Amino acid sequence: MATVNELRELEQKDLLARAAELKQTLFDLKNKHSTGVLDSTADLAKTKREIARILMVAREKELATAQAGKAKE
């Protein structure tokens, strides 16, 4: 699990790729949970939080880029 400061150092495309990987992991965890194989249900919440954290940083970067573009005009 990465901290927000570590995530802010990554590029936008890396953030989105990492979010996609975690979404696949979340899908797998949900399948394990539905079949009763999942050991710790806390992993579901941790993965959801990590996805939200990554998407928040990606949105911050997107808004910063848009703001910088408007400032140049």
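Residues numbered from 1 in each chain as written. Predicted model: local features only at pLDDT ≥ 70, side-chain atom pairs only at ≥ 80, totals over all residues. Heavy atoms only, no water.

*Asks:* Help me understand the overall build of the protein, please; the structure alone is not making it clear to me.
*Replies:* Within the protein, the regular secondary structure consists of three helices and zero strands. When the elements of the protein are put in sequence order from the N terminus, they spell out α-α-α. For the protein, the C-alpha radius of gyration of 16 Å lies well beyond 11 Å, the compact-globule estimate for 73 residues. Along the longest, intermediate and shortest principal axes, the C-alpha atoms of the protein span 55 × 20 × 15 Å. Looking at the protein as a whole, 21% of its 73 residues are labelled buried. Partitioning the contacts of the protein with sequence separation of at least 6, the portion at a separation of at least 24 is 67%. Accessible surface computed for the protein: about 5500 Å², of which carbon and sulfur atoms make up 53%. (Helix = DSSP H or I, 4+ residues; strand = E, 2+ residues; numbered from the N terminus. Rg over C-alpha atoms; globule rule 2.2 N^0.38 Å. Buried < 20%, exposed > 50% of the residue type's maximum accessible area, 1.4 Å probe, protein only. Contact = heavy atoms within 4.5 Å. Areas by Shrake-Rupley, 256 points an atom, 1.4 Å probe, with all protein chains shown as cover.)

*Asks:* Would you explain the side chain of T47 in this entry?
*Replies:* Mapped onto the secondary structure, T47 falls in helix α3 (residues 42-72). A distance of 2.7 Å separates the side chain of T47 from the backbone oxygen of D43, its partner in a polar contact. Leaving out residues up to four positions away in the same chain, T47 has contacts with L22, L26 and L29. (Polar contact = N/O pair within 3.5 Å; in protein donor to acceptor, adjacent residues only side chain to side chain.)

*Asks:* Can you walk me through α3 in this structure?
*Replies:* Each full turn of the α-helix corresponds to 3.6 residues, which orients residues three or four apart in the same direction. With 31 residues, α3 extends 46 Å from end C-alpha to end C-alpha; this agrees with the ideal 45 Å at 1.5 Å per step. Along α3, the residues that are buried comprise L44, T47, E50, I51, I54, V57 and A58. In this structure, the buried side of α3 is in contact with α1 (4-8) and α2 (12-35). (Expected span 1.5 Å × (residues − 1).)

*Asks:* Please explain the side chain of E50 as it appears in this structure.
*Replies:* Note that E50 resides in helix α3. Apart from residues no more than four positions distant in its own chain, E50 is found in contact with M1, A2, R18 and L22.

*Asks:* Even after reading the chapter, I still don't get the nonpolar core, so can you show me in this structure?
*Replies:* When a protein is soluble and globular, its nonpolar side chains tend to lie buried together. Ranked by size, the top nonpolar core spans 13 residues in total, and within it L7, L15, L44 and I54 carry the most contacts. Those elements giving two or more residues to this core turn out to be α2 and α3. Discounting residues that sit within four places of it in the chain, I54 has contacts with L7, L15, R18, A19 and L22. (Core = buried A, V, L, I, M, F, W, Y, C linked by side-chain atoms within 4.5 Å.)

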